[in-house]
Amino acid sequence: MKELKSGKVNLLDYTLNGLEEFFIQIGEPKFRAKQVFRWIHLNGASTFEVMSDVSKTLKAKLSEIAEIRVPQLISEHIASDGVVKWILEVGEGNKIETVYIPENERGTLCISSQVGCALECQFCSTGRQGFNRNLTAGEVVSQLWWANQSLGHTPKEEKIITNVVMMGMGEPLANYDNVVTAMKIMLDDNAYNLSKRKLTLSTSGMIPGIDRLKNDCPVSLAVSLHASNDEVRSEIIPLNKKYPIKELMAACSRYLSASPRDFITFEYVMLQNVNDKLQHARELIKIVGNMPCKFNLIPFNPFPNAGFESSSRDQILQFQKILRNAGFITTIRKTRGEDIDAACGQLVGKVNDKTKRQEKWRTIAIQQVSSK
Ligand code: SAH
Ligand code: SF4
């Protein structure tokens with residue numbers, strides 16, 4: 001397990017099994033690990049002091065070698081539609097974003113997996129920003145830990161966060177081991193007890209990762225398709241040159257054999273005059289063939305110097321109609337949290353730019369979470 005700069009290990013990096021092994025290594029019984037694991041994830045503990053059923057001696061021993069290191073809150077922004085965005089720092093100025101999207105029956109948390117992204121999709125502001133580093137497993141799962149804390153909830157109570165989507169900054173399958181570890185913690189009933197159906201990983205199409213995920217941690221899968229042929233897709237998603245559409249479709253079919261859902265969700269960002277012709281919709285129908293799938297059409301969220309515009313509402317509706325008429329469930333993603341730049345592809349990119357919008361953000365707190 002990776003040691004922190006402090007020389008201490010971060011207990012948030014461990015699955016329950018991993019923590020049990022760690023406890024055995026330090027000469028403690030296994031069941032103690034479960035107690036501590038539940039304190040951290042079910043009760044939101046970030047210090048050993050609060051763990052009332054853990055002996056003083058063990059607390060002292062743990063404090064020497066380990067910590068529960070959660071990210072530092074930079075700011076919290078609440079949009080008029082109830083969407084909450086947290087900007088968190090994970091050390092050395094590296095900032096990530098986590099977004100909470102409340103809906104009638106559910107609450108969805110959008111989690112980041114990397115600081116930046118190396119894949120350079122043309123329409124994505126994270127991609128434009130470049131890649132800094134992978135998040136550790138603890139940094140990934142602590143976004144869920146943090147959101148529960150901040151929303152005043154512990155997962156022990158009725159869930160306020162019912163769904164998690166790995167759709168924040170970064171390509172989750174490019175940070176495979178840490179993301180899978182974090183997702184295993186999210187699924188654990190001694191922690192957040194999410195169901196595999198309600199945990200969705202979104203990928204730009206890293207085929208080897210899709211195949212591994214099927215065996216290691218089959219959760220719901222969303223694939224950022226965004227084009228109906230290789231020519232357009234390679235133009236806007238450079239990774240397509242390595243993993244072209246036909247091979248991607250085959251990987252999706254393989255994934256379905258293990259998937260908790262009986263369909264793949266294809267995300268399709270609507271870019272005016274790039275991928276939004278009705279001919280493209282017809283092409284899409286051909287490339288997915290008989291695969292059980294749903295389409296989610298995403299109006300493009302603009303950012304400075306993007307060089308793309310969103311398709312018109314009317315064009316999106318016509319595109320949707322063609323897919324629906326062919327029998328595919330096709331939704332149009334509602335843009336949420338617009339007044340705080342919490343929508344897809346806008347994450348963190350604007351942190352440093354002084355736009356008028358930013359002035360509207362309500363900065364609630366700048367505080368050291370661990371000092372809570
Ligand atoms: N790297 C993963 C997950 C993070 S991006 C992936 O690419 O799937 C989450 C979703 O937002 C993806 O479908 C991505 O293509 C989409 N997206 C990125 N930039 C966008 C933008 N400017 N407007 C709308 N959707 C965008
Ligand atoms: Fe990375 Fe996803 Fe953005 Fe592409 S769309 S650059 S894979 S975060």
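Described below are features of the structure shown in this document. Computed from a predicted model, the values in this text were never measured in an experiment. (Residues numbered from 1 in each chain as written. Chains lettered and ligands numbered in written order. Predicted model: local features only at pLDDT ≥ 70, side-chain atom pairs only at ≥ 80, totals over all residues. Heavy atoms only, no water.)

### Thoughts on helix α11 (residues 313-325)
Part 1: With 13 residues, α11 should cover 18 Å at 1.5 Å per step; its first-to-last C-alpha distance of 18 Å lies within 8% of that length.
Part 2: Regarding α11, the residues found buried are Ile316, Phe319, Gln320, Ile322 and Leu323. Down the axis of α11, the sector holding all buried residues measures 160°, keeping them to one side. Facing away from the buried side of α11, by more than 90 degrees, are the exposed residues Arg313, Lys321 and Asn325.
Part 3: On its buried face, α11 is in contact with β12 (264-270), α10 (278-288), β13 (293-299) and β14 (330-332).
Part 4: Backbone geometry just after α11 places Gly327 at a positive phi near 95°. (Helix = DSSP H or I, 4+ residues; strand = E, 2+ residues; numbered from the N terminus. Expected span 1.5 Å × (residues − 1). Buried < 20%, exposed > 50% of the residue type's maximum accessible area, 1.4 Å probe, protein only. Arc of directions from axis to C-beta. Contact = heavy atoms within 4.5 Å.)

### Remarks on the site of ligand 1
Part 1: Taken together, 20 residues surround ligand 1, and among them Phe123, Gly170, Ser202, Ser224 and His226 come closest.
Part 2: Within the side chain of His226, an N or O atom sits 2.5 Å from an oxygen atom of ligand 1.
Part 3: Alone, ligand 1 offers 530 Å² of accessible surface; in the complex the protein occludes 95% of this.
Part 4: Breaking the shell around ligand 1 down by element, the ones donating at least two residues are β10 (199-203), β12 and β13.
Part 5: Here the residues of the shell around ligand 1 sort into nine nonpolar, nine polar and two charged. (Near = heavy atom within 4 Å. Polar contact = N/O pair within 3.5 Å; in protein donor to acceptor, adjacent residues only side chain to side chain. Areas by Shrake-Rupley, 256 points an atom, 1.4 Å probe, with all protein chains shown as cover. Nonpolar A, V, L, I, M, F, W, Y, C, P; charged D, E, K, R; others polar.)

### Concerning the environment of Glu267
Part 1: With respect to the element layout, Glu267 can be found in strand β12.
Part 2: With near-sequence residues (within four places) excluded, Glu267 lies in contact with Met167, Ser202, Ala222, Val223, Ser224, Leu225, His226, Asn296, Ile298 and Arg333.

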